[in-house]
Amino acid sequence: MVAEHVDVLIVGAGLSGVGAACHLRRDCPDRTVAILEARDAIGGTWDLFRYPGIRSDSDMFTLGYSFKPWTDPLAIADGDSIRDYVRETAREYGVEDRIRFGHRVEAAEWSSVAARWTVRARRVDTTETVELTCSFLFVCAGYYRYDQGYTPPLPGIDRYAGQLVHPQHWPADLDWTGRRVVVIGSGATAVTLVPAMADRAAHVTMLQRSPTYVISLPARDALADALRRWLPARVAYQVVRWKNVLLGAASYRLTRRAPGLARWFLRRGVAGRLPAGYDVDRHFSPRYNPWDQRICVAPDGDLFGAVASGRASVVTDRVDTFTETGIRLASGVDLAADVVVTATGLNLLALGGMTVTVDGISVDLGRTVAYKGMMLSGVPNFAMTIGYTNASWTLKADLVARYVCRLLRHLDRTGRQICTPLAPPDGAREPLIGLTSGYVLRSVDALPKQGARAPWRLRQNYPRDLLTMRYARLTDEGIRFSRAVPTTELADTPVR
């Protein structure tokens, strides 16, 4: 049986995948497109995570799509609202009908003779293997493992008689009303969970080995509220979007150039929201510099409000062992807990776990170098979406999708069928994701690398990337455009 063929095959129907399909519908309407989604719903992260208070850590004027105004009053939005926004966008742009749910992509094999990919996916409901071919493969599967969150070894956990929960698999029937809750972790998930659970719990304790930077930001954008009264929604959206882009870029550059000043500013903001005498240095002053790891956001200072009211507390210590009734700390203190939430992070999983082969040779992702942060050296007609670490994910996702559309139109104009990124001829290789967070360091060797200079250097600068990815010429030293390779020549074509 001949496999079904589409021009562009997208993997993943989350925020990035739906956005990519919309861009293709807008900019390359003649291309056939299909989306394979392993789960049974649109939304990706925003459909998977259902823990209390789940929300964005970025404002929705930049996390939203460039072509689809965010009109909800809240700039820092809850997960349900974001999921509805993604689904509404998919309906509006006719993307829903192109999604095949319950198709987990397992392997992709490129043939230079045919100038196409053969993609194998397993149907979740029947375990049947399905094959499709495509001219261009676009992976929008994020970079973490959906079916399993990260939980470190927990000494004595078998003795614990209470309820243990990971936020990635939140039980729909969990009732924490009047119960003592301990949330292990200090990242964005923990910072979200603590105030969300504090209203109903007897008490919530955030137990952290070391502190994280947390900044209080307004849940609503005052400029957006004002502009919406006088301007069309699309115009107001673009104005606020660019205001937030430029402010974010400027603040990031300042923190990197003057980390001492940034630390002082962040500490001052925290101290101003907590009671006099609170040990800010112990609980909210990390040893690393701002943006070595992501800065967590507390909308309207909700975490600090919960701590100041006594409904929640922060404990900075290490777990010695679990007991039957809670956790004994390295300091000897016992924390009583009816519910323990392990907000301990993610397991990274590049390309959704799929294997990639080019002309019969398996691709080792850890040995590839990313071209413009979106393509891989030696891997033809392939793109992936990895968002910014210092700004909204969708800012980069939009740029990548539009760049793919440019590439496809360029291939049409020039009569070529193949675009293959090349590895840099020299220079050091560095991790693609430049954070020191535990979830990154645990998997850094399995991820693609970046080079020392453009076009292999991954910038964390949206305005600069906008100019180069949208307007700069497509041909440069980092990419080769070609036609399908005759069988007789294939043996002499190296894979870089």
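Residues numbered from 1 in each chain as written. Predicted model: local features only at pLDDT ≥ 70, side-chain atom pairs only at ≥ 80, totals over all residues. Heavy atoms only, no water.

### Some details on the overall build of the chain
Stage number 1. Summing up its helical and strand segments, the chain has 14 helices and 25 strands in all.
Stage number 2. The principal-axis extents of the C-alpha atoms in the chain amount to approximately 75 × 55 × 45 Å.
Stage number 3. The buried share among the 496 residues of the chain stands at 53%.
Stage number 4. Residue pairs at least 24 apart in sequence account for 72% of intrachain contacts in the chain once pairs closer than 6 positions are excluded.
Stage number 5. Accessible surface, the chain: about 21500 Å² in total, of which carbon and sulfur atoms supply 51%.
Stage number 6. Distance between charge centroids for the chain: 6 Å, based on 62 positive and 51 negative side chains. (Helix = DSSP H or I, 4+ residues; strand = E, 2+ residues; numbered from the N terminus. Buried < 20%, exposed > 50% of the residue type's maximum accessible area, 1.4 Å probe, protein only. Contact = heavy atoms within 4.5 Å. Areas by Shrake-Rupley, 256 points an atom, 1.4 Å probe, with all protein chains shown as cover. Lys, Arg positive; Asp, Glu negative; His and termini not counted. Charge placed at Lys NZ, Arg CZ, Asp CG, Glu CD.)

### A word on the packing of aromatic side chains
Two descriptors summarise a pair of aromatic rings, namely the distance from one centre to the other and the angle between the planes of the rings.
Stage number 1. In this structure the tally under the stated criterion is 18 aromatic pairs.
Stage number 2. Seen from their ring centres, tryptophan 70 and tyrosine 85 are 5.3 Å apart, and the 70 degrees between their planes marks the pair as edge-to-face. Here the residue tryptophan 70 occupies a position in the loop between α3 (60-63) and α4 (79-92), and tyrosine 85 occupies one in helix α4, the gap between them amounting to 15 residues.
Stage number 3. For the ring pair phenylalanine 284 and phenylalanine 304, a centre distance of 5.5 Å and an interplane angle of 70 degrees mean the geometry is edge-to-face. Taken together, the residues span a long stretch of sequence, with phenylalanine 284 in helix α9 (residues 280-284) and phenylalanine 304 in helix α10 (residues 302-309) at a distance of 20 residues. One exposure class covers both phenylalanine 284 and phenylalanine 304, and it is buried.
Stage number 4. Three or more aromatic residues link up through ring pairs in this structure, and these residues are Tyr65, Phe67, Trp70, Tyr85 and Tyr93. (Phe/Tyr/Trp six-rings, centres within 6.5 Å; stacked < 30°, edge-to-face > 60°.)

### Comments concerning the side chain of aspartate 7
Stage number 1. Summarising the element assignment, aspartate 7 is placed in strand β1 (residues 4-11).
Stage number 2. Comment: no salt bridge for buried aspartate 7; closest opposite-charge side chain is arginine 31, at 4.8 Å.
Stage number 3. Contact partners of aspartate 7, with chain neighbours within four places excluded, come to Asp30, Arg31, Thr32, Cys134, Ser135 and Phe136. (Salt bridge = Lys/Arg side-chain N within 4 Å of Asp/Glu carboxyl O.)

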